[in-house]
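Given next are the chains, with one letter for each unit.
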Amino acid sequence: MDRSVLHVDIAAFPIAVERVIDRGLRDRPVVVAPAGSARAPVLAASIEAEREGVRAGMPVPVALRRCPGLLVLPTNEPLYRRAVGAILALLGGYSPLVEPGAHGQVFVDL
């Protein structure tokens, strides 16, 4: 039996979720990073930030030097979990086999 599996991968998932909540973040260079550490790594970077040379894994101070207008948001795990739940519920309407992957990734058996 051949199976088809759809892989959904939402780029920069935490930023995509934050932009749904706050429309003012759209079209701006944004990163998500843990709060409280001077050398915290960037966990996700928007495409606008990436155009300025900012990448995931980069220390926040380096990112701020590369992109002075960068907006740094703290992680909001409860919000991201709710968003994943909503995505799973939506895709569950199309298939009984839906599996979450890493943040923003879902596998759907078609």
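Within any chain, residue numbers begin from 1 and follow the written order of that chain's sequence. Only residues with pLDDT of 70 or above have their local features reported here, since the model is predicted, and side-chain atom pairs are shown and tallied only from 80 upward, although totals for entire chains, interfaces and linings are computed over all residues. Only hydrogens and water are set aside when side-chain values are computed; all heavy atoms of the structure are taken into account.

Section: the overall build of the protein
Within the protein, the secondary structure is distributed over four helices and six strands. Dimensions of the protein along its principal axes, counting C-alpha atoms only, are 55 × 25 × 25 Å. In the protein, buried positions account for 35% of the 110 residues. Accessible surface for the protein amounts to roughly 6,800 Å². Of this, 57% is attributable to carbon and sulfur atoms. Positive and negative side-chain charges of the protein, numbering 12 and 11 respectively, have mean locations separated by a distance of 8 Å. Strands are runs of DSSP state E lasting at least two residues, helices are runs of H or I lasting at least four, and both sets are numbered from the N terminus onward. Burial classification: accessible surface area is computed with a 1.4 Å probe over protein chains only, and a residue below 20% of its type maximum counts as buried, one above 50% as exposed, and the rest as partly exposed. For every accessible area listed, the method is Shrake-Rupley and the probe measures 1.4 Å; residues are considered covered only by the protein chains on display. When charges are counted, neither His nor the chain ends are considered; positive counts come from Lys and Arg and negative counts from Asp and Glu. The location of each charge is read from NZ of Lys, CZ of Arg, CG of Asp or CD of Glu.

Overview of the sheet that holds strand β5 (residues 98-100)
On the basis of which strands lie adjacent, the open sheet formed by three strands has the order β1-β6-β5 and antiparallel pairing. Pairing within the sheet leaves two strands with one partner each, and these edge strands are β1 (5-9) and β5. Ignoring strand direction, the axes of neighbouring strands in this sheet form an average angle of 20°. Pairing analysis gives five bridges linking β1 to strand β6 (residues 105-109), with the strands arranged antiparallel. Across the sheet, residue Leu-6 finds its bridge partner in β6, namely Val-108. By the convention used here, residues are in contact when the closest approach between their heavy atoms is within 4.5 Å. With axes taken as lines fitted to C-alpha atoms, and helix axes fitted only over the stretch in contact, angles between N-to-C directions fall between 0 and 180 degrees. Here helix α4 (residues 77-92) sits on the sheet in contact with β1, β5 and β6, set at roughly 165° to β5. Strands are labelled as partners when DSSP assigns at least two bridges between them.

Points about the pattern of salt bridges
Here a salt bridge means any side-chain nitrogen of Lys or Arg lying within 4 Å of a carboxyl oxygen belonging to Asp or Glu. The final tally for this structure, using the stated rule, is two salt bridges. For Arg-3, the salt bridge is made with Asp-109, and the minimal N-O distance between the two is 2.1 Å. Taken together, the residues Arg-3 in the segment before β1 and Asp-109 in strand β6 connect sequence positions 106 residues apart. Exposure remark for Arg-3: the relative accessible area of 56% places this residue in the exposed category. Looking at Asp-109, the relative accessible area reads 16%, which means it is buried. The salt bridge involving Arg-19 is made with Glu-48; its shortest N-O contact spans 2.8 Å.

Details of the environment of Ala-49
On the secondary structure map, Ala-49 appears in helix α2 (residues 47-51). When the C-alpha positions of Ala-49 and Pro-29 are compared, they lie 4.3 Å apart, and in sequence the two are 20 residues distant. Residues contacting Ala-49, with those up to four places away along its chain left out, are Pro-29, Val-30, Val-31, Val-54 and Leu-70.

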